[in-house]
Structure formats: structure tokens, C-alpha cells
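Structure assessment
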Amino acid sequence: MKISIAGAGSWGSAMALLAARSGHEVLLWAHDPAVADSINSERRNFKHLPGSPFGDNITATNALEDLVEHSRTILMVAPSHHYRTVLGEIAAAAREPLRVVSGTKGIENETLQRISEVTKETLGEGLESFAVLSGPNFAREVAAGAPTASVVASRNEEFSREIQRELSDQTFRIYRLKDVVGVEVGGSMKNVIAIASGVVEGLGLGANTTAALVTRGLAEMKRLGVELGARGETFSGLAGVGDLMLTCTGSLSRNRSVGIELGRGRPLAEILEGASYVAEGVRTTRSATQLATRSGVEMPITFEMNAVLFERLEPEEAIRRLMTRKLRAEYTEI
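Residues numbered from 1 in each chain as written. Predicted model: local features only at pLDDT ≥ 70, side-chain atom pairs only at ≥ 80, totals over all residues. Heavy atoms only, no water.

**Details of helix α2 (residues 33-42)**
Taken together, the buried positions of α2 are occupied by Val35, Ala36, Ser38 and Ile39. Down the axis of α2, the buried side of the element spans an arc of 160°, and every buried residue falls inside it. Opposite the buried face of α2, at more than 90 degrees from it, the exposed residues are Ser41 and Glu42. Where α2 is buried, its residues meet β2 (25-29), β3 (44-45) and β5 (58-61). In the stretch just after α2, Arg43 is the one whose phi turns positive, near 60°. (Buried < 20%, exposed > 50% of the residue type's maximum accessible area, 1.4 Å probe, protein only. Helix = DSSP H or I, 4+ residues; strand = E, 2+ residues; numbered from the N terminus. Arc of directions from axis to C-beta. Contact = heavy atoms within 4.5 Å.)

Here it is as C-alpha cells:
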């Protein structure tokens, strides 16, 4: 199978290595020409995944039009705020409908659309099939071959079965679902809660606080997802609680790292300026707050995180406000 991957950051590179291990021929697009050159000449992505050598069945390019010449199956791993532009340029070069697998986690700020909606709007009749791949997966560990699991969701079950079959191996086990909305909401919202979890760490608070935050954060994710048409049980699976646990507690979590620095008192602008990575949760916090407000969904942790990030609310005050909210039953049916 030939697979084209748009995005040579750490996750795109890890997916290229995964696909190559299964024997597929991979073309990997890098926005930075130096990254493409290092992959082709040195067989490593020295900028984003330096510890993992690339096999001969991975080739890199700096030209998006090369992706559609290589394959109609496009794995999109561009950041959410660049996704529409990158996909639009790919579509302009396509001569036949594309099959898109999204590995991007986020909600577009300008439109409040999920990635599946952005894809459909951008490609129109040029979209043959769409799937979203998500789960508790750090790129470095996937690249190293540490056993893990993920989930692929598509309304086209034949397509999800194909992706499941072609990308699963002895180190990467994929389950399948039809709940595209649930997998997208879970993958996006876990980054918001992970920033909050990092804040708790940065403030020096304990495991009790983290456990309460993550549990109530999961409730928020589920409320928003169900309101948007997701199935509630999806949030008990890999793309829900699984990804949430990893991102809120793992030392490799970018969003948690941002939260830790916020909790230690560093300004957001300073944190992001010095970061060599994209923390999707920052942008997603803003769009999720707007989406929840528009939908009438109660998401107090997300709202307080938005105030900390964009309204200069002190983290300690955000916690005080959360802890002094009106008392209520844990579940609405009580």
C-alpha cells in the first residue's frame, strides 16, 4: 500500500515509521525543507524525532502536490490551525477523490468546526472517504515500537477496516468505531484538561486534586460530545479516558508541560515563544469555550482554563471558583 502523510512533526514521523514497519511505501511531506532533506539524506528527522532511524521505504518531500501523485490515501497530521490551508493545497493538485485519515486533534478557532467538518467543506465531492485516528499514543513511544493501542473511526466501515488492517502490527493495535464525532471531541478536549492538569502540578498540589480534575474533565468531554451527536460510551474507550489519562499524567505531554509552566507563574506568551512544539490545547480551549457556550453545555473546567489562558485569571483563583460552585449531584439522574 502507498500512503502519503502531510506533516513531518513528531506524530507524522512516528506514523511514517509505523506504516513503513508494516511494509508500506510512505511519502512524508515536511513544511521545512531542511527536515525533508535530513530524512532523505541522513535517514532521520533530526528536528522532531532524532532518536528514530527511517527505513528505505520512507521518502520525504517539501512539495504538497507530490502527495497526491504518490497516493490517494492521505494521512493528515497538520496542526489544526493549518489543516484547512494544507488540505486545500493538496486538493488543488488532486485529479481524483481523496481518502483522508485525520491524525489532527483540535477544533478550528474561526469556524468552531471539527476536523471532519473542515475536511468535508474543503474537499466537497473530492472526498471519497474520511476516518479519524486517535488514542493514548506518544509519538516517541510509537516510533520506538512500544506496544500501544488506538482507534480508527469512520462512517465508511470498509475504509476503517482497511486502515485498521494496514496500520496494525505487533506493536500498534487498532480498534474501530463509527463514532467520528466522539473520537474527534475526545481527542480535542483531552488537551484542554491536560493543560489544567499541568497547572495543578505546577502549583504543587497533590494526587487528589489531579484525580478529581481528570474525572470531572472527562464528564465535560462527554457532555460536549453527546450534545454534538457522539455516543457516550466512546468516552470510556481509548479515544476518551485512555487518551485523557495519558495526556494528563505523561511526562511527554506537551499540553501538560504548558500547564506546569503556567502553574509556576510563567506568562503564556513566554511559554509558547520558547516552545519547539505545538500545544493544541491552547487554541482548543478558546474554541471549545465558544462551542460550549453556543451549545448551552456546562463546562466549568474548560471555562476557567480559558480565563487563565486568555483573561489573565490567576490559576489559584480559578481553582477557588471551581471548588466553590453550587453543590450538585454527580449525575443528573439523581
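**Some thoughts on the pattern of salt bridges**
Here the structure, examined in full by the defined rule, presents 25 salt bridges. A salt bridge links Arg114 to Glu184, with the nearest nitrogen and oxygen atoms 3.1 Å apart. On the criterion of sequence distance, the pair formed by Arg114 in the loop between β7 (98-102) and α5 (115-123) and Glu184 in helix α8 (residues 180-202) is long-range, its members being 70 residues apart. Given a relative accessible area of 6%, Glu184 falls into the buried group. (Salt bridge = Lys/Arg side-chain N within 4 Å of Asp/Glu carboxyl O.)

**Comments concerning the nonpolar core**
Formed by 38 residues in total, the largest nonpolar core has its most connected members in Met189, Leu224, Val258, Leu262 and Met305. Breaking this core down by element, the ones donating at least two residues are α8, α9 (207-227), α10 (238-249), α11 (254-263), α12 (268-273), α13 (280-295) and α14 (300-310). Ranked by size, the runner-up nonpolar core spans 35 residues in total, among them Ile5, Ala36, Ala60 and Val152. (Core = buried A, V, L, I, M, F, W, Y, C linked by side-chain atoms within 4.5 Å.)

**Observations regarding the packing of aromatic side chains**
If you walk through the whole model with that rule in mind, you get zero aromatic pairs. Sitting over the face of the ring of Phe310, Arg286 holds its NZ or CZ atom 3.9 Å from the ring centroid. (Phe/Tyr/Trp six-rings, centres within 6.5 Å; stacked < 30°, edge-to-face > 60°. Lys NZ or Arg CZ within 6 Å of the ring centre and 35° of its normal.)

**Quick notes on the side chain of Thr210**
Along the chain, the position of Thr210 falls in helix α9. The exposure class assigned to Thr210 is buried, which follows from its relative accessible area of 18%.

**Observations concerning the sheet that holds β5**
An order of β5-β2-β1-β6-β7-β8-β9-β10 is seen for the eight strands of this open sheet, with the pairing classed as mixed. In this open sheet, the two edge strands, each paired with only one partner strand, are β5 and β10 (172-177). The average angle at which neighbouring strand axes cross in this sheet is 25°, direction not considered. In terms of strand pairing, β2 meets β5 through four bridges, oriented parallel. Across the sheet, residue Leu27 finds its bridge partner in β5, namely Thr59. α10 rests against β8 (127-134), β9 (148-153) and β10 of the sheet, and its axis sits at about 140° to β9. (Pairing = 2+ DSSP bridges. Axes fitted to C-alpha atoms, helices over the stretch in contact; angles between N-to-C directions.)

**Observations regarding unusual backbone geometry**
Despite not being glycine, Arg43 has its phi angle at roughly 60°, a positive value. You can see Arg43 is positioned in the loop between α2 and β3.

**Side note on the environment of Lys178**
Structurally, Lys178 can be placed in the loop between β10 and α8. A relative accessible area of 55% means that Lys178 is categorised as exposed. With residues up to four places along the chain from it excluded, the contact list for Lys178 reads Ser154, Arg155 and Glu157.

**Comments concerning the packing of α8 against α9**
At a minimum axis separation of 9 Å, α8 and α9 run at an interaxial angle of 155°. By the criterion of interaxial angle, the relationship of α8 to α9 is roughly antiparallel. Seen along the crossing, α8 lies across α9 with a hand that is right-handed. Each of Val181, Val185, Gly186, Met189, Lys190, Ile193, Ala196, Ser197 and Val200 in α8 lies in contact with α9, whose residues at this interface are Thr209, Thr210, Leu213, Val214, Gly217, Met221, Leu224 and Gly225. (Parallel < 35°, antiparallel > 145°, perpendicular 65-115°, else oblique. Left-handed = near helix turned anticlockwise from the far one by under 90°.)

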